[in-house]
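Architecture and fold: a report
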Amino acid sequence: MSGKLRVLPLGGLGEIGKNMTVIEYAGKIVVVDTGLRFPAPDQLGIDLVLPDFAYLRERAADIEAIVLTHGHEDHVGALPYVLREIEDWPPIYGGPLTIAMVRSKLDEHKLKDVPLEAVHPGEEIDAGPFTIEPIKLAHSIPDMFAYAITCELGTTLVTGDYKFDQTPVDRIPADVARLAELGRDGVLLLFGDSTNADRPGWSISESAVGPQLEQTFARCRGRIVVTCFASNIHRVQQVVDAAATLGRKVVLVGRSMRKNANIGRQLGHIAVPDGILVEPKRIEDFPDEKLVIVSTGSQGEPLSALRRMAGSEHPHVDLRKGDTVIFSATPIPGNERAVNETVDRLFRLGAEVITAKDAPIHASGHGYAEELKLMLNLVKPRYVMPAHGDHRRIRLHMALAEAVGIAPEALFAGENGLPLEIDAKGARFGKPERAGLIFVDGVNVGDIENVALRDRRMLSADGIFIVVATVSEQDGSSVSEPEIIFRGVPAPGDDSVVRDLRDEVEASLDRAAKDDVREIDALQSRLHDDLAAFVYRRLKRRPMVLPVVVEV
Ligand SMILES: [Zn+2]
Ligand SMILES: [Zn+2]
């Protein structure tokens, strides 16, 4: 066994989101997950953030398979963008729900005939030098699979997102027996979820949420709006069950809520009693105390149904005093502000708001510290590379591994772009590969130097100066006083700045004329540099400077 196994995370380490990992052996590649991240508030006007997958583009011919752990956006959201950039699509595997959700997403992106294949736990996938086995784990979406990816050197277990729920809503708990078997046979590397490494103890079971929802519903007099992740199909099931028990009808609002509920029903993940579902447009036909509305928008997403309700802009749901809005989800880090804003608008409309802080109406889909220890003890990995977490959680995951007796030399705190290389002699980090971010702005995909983003950031922070200079066609001299327009420039101060800027324009044009610079483009670029330097000297700011040179 002279080969070398490489495990290269392209996303998901040092952050929570955009998970993508390349597993490489004998020149062949298996990709686990192709996720995205939603933009941070300072990434203005950007719709999505993808991992930089240049590495995959270059190695496209070597990709034997893409395997998807589950249907969350941070694991599948970048797939359309990856497929657009590689020819000869490799087969793509995932659980039945994952594949159904991905198919619907690819349809929206007009990507047809993608080789998608639903797999089930226990089945084996052949992928070049690898065999891949899906293993059932529990998470906040059905059909969540870890993958045991085996080559000559041994088995890498990529956990995906998981918890050890003893009483999952679908009664299919994590396959602990299979994990233990893998551990007995020997696992080379555990590449495991670190999301809740900072929470001590055990996560609560998803099944514990149902009775809490029911108790909370029972105290409500008017209409109830429950918001949760549309993909949390078991949560939606529990809302439906609680509504049924209390004799309330259920209304599903929000495009993704309706879509996922449909897919979930087709695949048998959600059972809805006959006659309980009501179309959104018929809401006003039912008394307030007979309705539960299940809505998207638990993260304060700008275009979501709940956000529209909060702004009194929803076509069917007009929130008012007496209504109760229940957040059966917690904000993902970064979404707190949008959620708080939504909550406050709801209060303004007179609604009551109950969040997971007020009642135990949410269960995390990620295992807590004791569950991560259980995973470590079950699979007894030779090496551990914590995944899916910021640097702090990765370190905490390593501490948990040490606590269960794994030697510190066997623990690797990875980073995006840093490959872990394992051969017969041992494991070590290799040379870094390209990794980073790609921004998606509407339908365009660009890299981090994306001009539009830079422009927006400059405009939002420091404003803009527009300078219109009129020059003579003959000798390039300034023929009339330059016009200066500014917007959003913090404290441009008194008129003297504008006056001095005019002088600077004239001076710059004079210098250009002396140097015989006549091309409009060249003039504008010189003006830009001179004025930007001047403005920075005067204001200690870098507003956008937009010179326009007109020849007469
Ligand atoms: Zn997930
Ligand atoms: Zn995730």
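What comes next concerns the included structure. All of these numbers come straight from a predicted model, not from anything done at the bench. (Residues numbered from 1 in each chain as written. Chains lettered and ligands numbered in written order. Predicted model: local features only at pLDDT ≥ 70, side-chain atom pairs only at ≥ 80, totals over all residues. Heavy atoms only, no water.)

**Points about the overall build of the chain**
Tallying secondary structure elements over the chain gives 15 helices and 25 strands in all. Every one of the 552 residues in the chain was classed for burial, and the buried ones make up 54%. Sequence-distant contacts in the chain: of pairs separated by 6 or more residues, those separated by 24 or more amount to 73%. A total accessible area of about 24,100 Å² is found for the chain, and carbon and sulfur atoms account for 50% of it. Counting 64 positive and 82 negative side-chain charges, the chain places the averaged centre of each group 4 Å from the other. (Helix = DSSP H or I, 4+ residues; strand = E, 2+ residues; numbered from the N terminus. Buried < 20%, exposed > 50% of the residue type's maximum accessible area, 1.4 Å probe, protein only. Contact = heavy atoms within 4.5 Å. Areas by Shrake-Rupley, 256 points an atom, 1.4 Å probe, with all protein chains shown as cover. Lys, Arg positive; Asp, Glu negative; His and termini not counted. Charge placed at Lys NZ, Arg CZ, Asp CG, Glu CD.)

**Looking at the coordination of the zinc ion (ligand 2)**
Taken together, the protein ligands of the zinc ion (ligand 2) are D74 (OD), H75 (NE2), D161 (OD) and H388 (NE2), with distances of 2.1 to 2.2 Å. For the zinc ion (ligand 2), the four donor atoms in the first shell make angles of 89 to 155 degrees at the metal, a pattern classed as irregular. Here the zinc ion (ligand 1) and the zinc ion (ligand 2) are spaced 3.4 Å from one another, each receiving a donor from D161. Here the residue D74 occupies a position in helix α2 (residues 73–76), and H388 occupies one in the loop between β18 (381–387) and α12 (391–403), the gap between them amounting to 314 residues. (Donors = N, O, S within 2.8 Å, 3.2 Å for Na, K, Ca; no water. Tetrahedral: all angles 85-135°; square planar, octahedral: opposite > 155°, others 65-115°.)

**Remarks on the coordination of the zinc ion (ligand 1)**
When a metal carries six donors in an octahedron, the ideal angles between them are 90 or 180 degrees, while four donors in a tetrahedron ideally lie at 109.5 degrees. Protein-derived ligands of the zinc ion (ligand 1) are H70 (NE2), H72 (ND1), H139 (NE2) and D161 (OD), with the metal-ligand distances lying across 2.1 to 2.3 Å. One can describe the donor arrangement at the zinc ion (ligand 1) as irregular, given that its four donor atoms subtend angles of 90 to 167 degrees at the metal. Sequence positions of the residues that donate to the zinc ion (ligand 1) give the spacing H-x1-H-x66-H-x21-D. H139 gets classed as buried once you look at its relative accessible area, which sits at 9%.

**A few points about the pattern of salt bridges**
Counting across every chain of the model gives 37 salt bridges. Put simply, K112 and D107 hold a salt bridge, and the shortest N to O gap is 3.9 Å. Looking at K112, the relative accessible area reads 51%, which means it is exposed. Given the relative accessible area of 38%, D107 is considered partly exposed. A salt bridge links E481 to R502, with the shortest nitrogen-to-oxygen separation between them at 3.9 Å. With a gap of 21 residues between them, E481 in strand β24 (residues 478–487) and R502 in helix α14 (residues 495–514) connect regions that are remote in the sequence. For R502, a relative accessible area of 23% gives the class partly exposed. Here the salt bridges share partners, and the residues they tie into one network are K4, R6, E24, R59, D62, E421 and E433. (Salt bridge = Lys/Arg side-chain N within 4 Å of Asp/Glu carboxyl O.)

**Describing the packing of helix α5 (residues 176–185) against helix α11 (residues 369–379)**
In a pair of packed helices, the angle between the axes and the distance between the axes together describe the arrangement. Two elements in contact, α5 and α11, have axes separated by 6 Å at closest approach and are oriented at 50 degrees. Judged by the inter-axis angle, α5 sits oblique to α11. Contacts between α5 and α11 pair V176, L179, A180 and G183 from the former with M375, L378 and V379 from the latter. Of the residues that constitute the contact of α5 with α11, the class distribution is six nonpolar, one polar and no charged. (Axes fitted to C-alpha atoms, helices over the stretch in contact; angles between N-to-C directions. Parallel < 35°, antiparallel > 145°, perpendicular 65-115°, else oblique. Nonpolar A, V, L, I, M, F, W, Y, C, P; charged D, E, K, R; others polar.)

**Quick notes on the environment of F191**
When you line up the elements, F191 lands in strand β12 (residues 187–193). Judged by relative accessible area, F191 falls into the buried class, the value being 5%. Setting aside chain neighbours within four positions, we find F191 in contact with V7, P9, L13, T21, L157, V158, T159, M385 and A387.

**Some thoughts on the nonpolar core**
Counting residues in each nonpolar core, the largest one holds 59 residues, and the members touching the most others are L5, F130, I132, I149, L157, L179 and M375. With seven residues, the single largest contributor to this core is strand β10 (residues 144–151). Once residues within four sequence positions are removed from consideration, F130 is found in contact with L5, I23, E24, Y25, K28, I29, V30, I125, I149, T150 and C151. (Core = buried A, V, L, I, M, F, W, Y, C linked by side-chain atoms within 4.5 Å.)

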